[in-house]
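Close look at the chain arrangement
Now for the letters of each chain:
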Amino acid sequence: MNLARFSRRRYTPHATPIQHLKHLSAHLGGPEIYIKRDDLLGLSGGGNKTRKLEFLVAEALAQGADTLITVGAVQSNHCRLTLSAAVHEGLKCRLVIEQRVPGSYKPQASGNNFLFDLLGVEAITVVNSGDDLAAAMQAVADDLAGQGRKGYVIPGGGSNPLGALGYVACAEEILAQTFDMGLALDHMVCASGSAGTHSGLLVGLAGNNAGLPLTGINVRRPRPEQEGNVHDLAVRTAAFVGLAEPIARETVRCLDEWVGPGYSLPTPEMVEAVRLLAQLEGVLLDPVYTGKAMAGLIGLVRRGEFAKGEKVLFLHTGGSPALYAYQDVLSAA
Ligand SMILES: *Cc1c(COP(=O)(O)O)cnc(C)c1O
């Protein structure tokens, strides 16, 4: 694929490392587990939205926008990183915060919410789950237009075909890196939320005929709905990059057994995964996405999904700043 024809800002000056999790692999006694450290991407605190923003912000700048507008949950990593990209580019940023859990927006909360303030957000609008998020962001853009300013609206999670290009590029990065390392992967696992990461990877893998199966672990939606969302965005992203082959529906796999009671709500398996990765590998996961995704990978290993000696790559999509808003459920004391 020729991604060089899309304009892009660079927020990470290097490829993120792929590391062998040897203590975790030994502890579980199953496949050899590797981790792609996208928690070490650029912008404040890293995480997967940085890759999407490289393409989205390039378009915002080309359009002459002075303000980035986006939406996310109360502990949104995507909002933190969009705001950080805005600061980096000398733009303003306004956020729409969606209370997915009623009453969950606390202006004084720690974690990402504290960083919204620290990074200098210009304004926050709080809406409820079920409200029209696109309309709420358009209202912010209209308000700016009334003052002679120009907003650029980024959808939730940066998940449209332009943003998903970040993960088409990441698939190419992983294939080049594993070739270099002599590492022949058998499987990949990632968290599946607003679908841009999962869809972009599928398109990048398909476009390179990688033959590498990818399993998404859902953080919010039931399996049929999430598989539909991922397939739909993958099809649109494939058309956007000009992929000749269609994305087969059978390659989209989104497991929902590790969502628990709902988006962002803790589960015992998430707590186990976060504590295990910290104490065996010194890797900080997060309570909302990668803790549940790793709980899914651990669950699949225990279920015998992978043969001993197979090589499985877990994509660490970031999120550790949210740990500080979950100290009560995550600490042993
Ligand atoms: C947004 C996010 C995800 C999910 O990625 P999507 O592209 O929205 O599916 C996973 N992990 C972290 C830490 C995130 O912030």
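Please read these numbers as outputs of a predicted model, since none were measured by experiment.

Definitions and cut-offs
All residue numbers refer to position in the chain's written sequence, counted from 1. Under the rules for a predicted model, residues below a pLDDT of 70 receive no local features and side-chain atom pairs below 80 are neither given nor counted, while totals for whole chains, interfaces and linings still include all residues. Excluded from the side-chain calculations are hydrogens and water; all other atoms, namely the structure's heavy atoms, are used. A run of H or I in DSSP counts as a helix once it spans at least four residues, and a run of E counts as a strand once it spans at least two, with each numbered from the N terminus. It is over C-alpha atoms that the radius of gyration is taken, and the globule rule equals 2.2 Å times the number of residues to the power 0.38. Remark: exposure states derive from per-residue accessible area (1.4 Å probe, protein chains only) relative to the maximum for the residue type, with buried under 20%, exposed over 50%, and partly exposed in between. Inter-axis angles, ranging from 0 to 180 degrees, are taken between N-to-C directions of lines fitted to C-alpha atoms, where helices are fitted over the stretch in contact. Small angles under 35 degrees read as roughly parallel and large ones over 145 as roughly antiparallel, with 65 to 115 read as roughly perpendicular and the rest as oblique. Handedness of a helix crossing follows the sense of rotation of the near helix relative to the far helix, less than a right angle counterclockwise being left-handed and clockwise being right-handed. Only heavy atoms matter for contacts: two residues are in contact if any of them lie within 4.5 Å across the pair. Residue polarity follows a fixed list, in which Ala, Val, Leu, Ile, Met, Phe, Trp, Tyr, Cys and Pro are nonpolar, Asp, Glu, Lys and Arg are charged, and the others, Gly among them, are polar. Note on ring pairs: Phe, Tyr and Trp rings are taken, using the six-membered ring of Trp, and paired if centres are within 6.5 Å. Classes follow the plane angle, with under 30 degrees stacked, over 60 edge-to-face and the rest tilted. Definition used: whenever NZ (Lys) or CZ (Arg) falls within 6 Å of the ring centre and also within 35 degrees of the ring normal, the charge is taken to sit over that ring. The nearness test applies per residue and asks whether one of its heavy atoms lies within 4 Å of the molecule or strand. Whenever two N or O atoms come within 3.5 Å, that pair is a polar contact, provided that in protein one can donate a hydrogen and the other can accept it, and provided that, for residues adjacent in sequence, both atoms are side-chain atoms. For every accessible area listed, the method is Shrake-Rupley and the probe measures 1.4 Å; residues are considered covered only by the protein chains on display. Segmentation of the chain into domains, including their bounds, is taken from an automatic or database domain assignment. The term buried area means the drop in 1.4 Å probe accessible area that two parts suffer when joined, counted for both and summed. What counts as a salt bridge is simple: a side-chain nitrogen of Lys or Arg found within 4 Å of a carboxyl oxygen of Asp or Glu. As used here, the term nonpolar core means buried Ala, Val, Leu, Ile, Met, Phe, Trp, Tyr and Cys residues forming a set that is joined through side-chain atoms within 4.5 Å. A strand pair is defined by DSSP finding two or more bridges across the two strands.

**Section: the overall build of the protein chain**
Looking only at helices and strands, one finds eleven helices and ten strands in the protein chain. A globule of 333 residues ought to have a C-alpha radius of gyration of about 20 Å, and the protein chain, at 19 Å, matches this closely. Counting only C-alpha atoms, the protein chain reaches 60 × 55 × 35 Å along its principal axes. When the 333 residues of the protein chain are sorted by exposure, 56% land in the buried category.

**Some thoughts on the packing of helix α6 (residues 161–181) against helix α7 (residues 196–207)**
One way to put it is that α6 packs onto α7 with a least axis distance of 7 Å and a crossing angle of 50°. The angle between the axes of α6 and α7 places the two elements in the oblique class. The chirality of how α6 crosses α7 is right-handed. Contact residues: Ala164, Tyr167, Val168, Cys170, Ala171, Ile174 and Leu175 in α6; Gly196, Thr197, Gly200, Leu201, Val203, Gly204 and Leu205 in α7. In terms of residue class, the contact of α6 with α7 is made up of ten nonpolar, four polar and no charged.

**Side note on the packing of aromatic side chains**
In the structure shown here, the tally under the stated rule is two aromatic pairs. Their ring planes at 70° and their centres at 5.9 Å tell us that tyrosine 263 and tyrosine 289 sit as a pair that is edge-to-face. Of this pair, tyrosine 263 sits in the loop between β9 (254–255) and α9 (268–281) while tyrosine 289 is found in the loop between α9 and α10 (290–302), placing the two residues 26 residues apart along the sequence. Summarising the burial analysis for this pair, tyrosine 263 and tyrosine 289 share the class buried. Residue placement shows arginine 100 over the ring face of tyrosine 263; its charged tip is 4.4 Å from the ring centre. The positively charged end of arginine 220 is found above the aromatic ring belonging to tyrosine 263, 5.8 Å away from the centroid.

**Looking at the site of the ligand**
Near the ligand you find 17 residues, and of these Lys49, Lys52, Ser194, Thr197 and Thr317 are the closest. Within the backbone of alanine 195, one N or O atom sits 3.0 Å away from an oxygen atom of the ligand. With respect to the ligand, the side chain of threonine 317 contributes an N or O atom lying 2.6 Å from a nitrogen atom. Here the ligand, which alone exposes 380 Å², has 98% of that area covered by the protein. Going through the elements one at a time, α2 (49–62), β7 (187–192) and α7 are the ones with two or more residues in the shell around the ligand. Looking at the shell around the ligand residue by residue, the class counts come to three nonpolar, eleven polar and three charged.

**Here we look at the domain arrangement of the protein chain**
By convention, interface size is frequently given as the accessible area that disappears when the constituent parts associate. What the domain assignment reports for the protein chain is domain 1 (3–47 + 160–330) and domain 2 (49–158). Summarising the inter-unit geometry, the C-alpha centres of domain 1 and domain 2 are found 24 Å apart. Listed by partner, the interface residues are 39 residues for domain 1 and 35 residues for domain 2. Between domain 1 and domain 2, the buried area comes to about 3000 Å², and carbon and sulfur atoms account for 57% of it. The tally of links from domain 1 across to domain 2 stands at six salt bridges. The shortest N-O distance in the salt bridge between arginine 220 and glutamate 98 comes to 3.8 Å. There are 16 residue pairs in polar contact (both at pLDDT 80 or more) connecting domain 1 and domain 2.

**Side note on the nonpolar core**
If you look at the biggest cluster of nonpolar residues, it comprises 36 residues, and the most contacted ones within it are Leu24, Leu277, Met294, Leu297 and Phe314. Elements supplying a minimum of two residues to this core: α1 (22–28), β2 (32–37), β7, α9, α10 and β10 (311–316). Here the element with the most residues in this core is α10; it accounts for seven residues. Setting aside its immediate chain neighbours within four residues, leucine 24 contacts Ile33, Leu276, Leu277, Leu280, Glu281 and Met294.

**Things to note about unusual backbone geometry**
Unusually for a residue other than glycine, leucine 43 sits at a positive phi of about 70°. Structurally, the position occupied by leucine 43 is in the loop between β2 and α2. In this structure leucine 43 comes out as buried when scored by relative accessible area, which is 17%. Non-glycine residue alanine 195 carries a positive phi angle of around 85°.

**Points about the sheet that holds strand β4 (residues 92–99)**
Here four strands make up an open sheet; going across it, the order is β5-β4-β3-β6 and the pairing parallel. Of all strands in the sheet, those with a lone pairing partner are β5 (123–128) and β6 (151–154), marking the two edges. Across the sheet, the mean angle from the axis of one strand to that of its neighbour is 20°, orientation sign disregarded. As paired strands, strand β3 (residues 67–73) and β6 are joined by four bridges and run parallel to one another. Note that in β6 the partner of leucine 68 across the bridge is tyrosine 152. In the packing of helix α3 (residues 77–89) onto the sheet, contacts are made with β3, β4 and β6, and the angle to β3 comes to roughly 165°.

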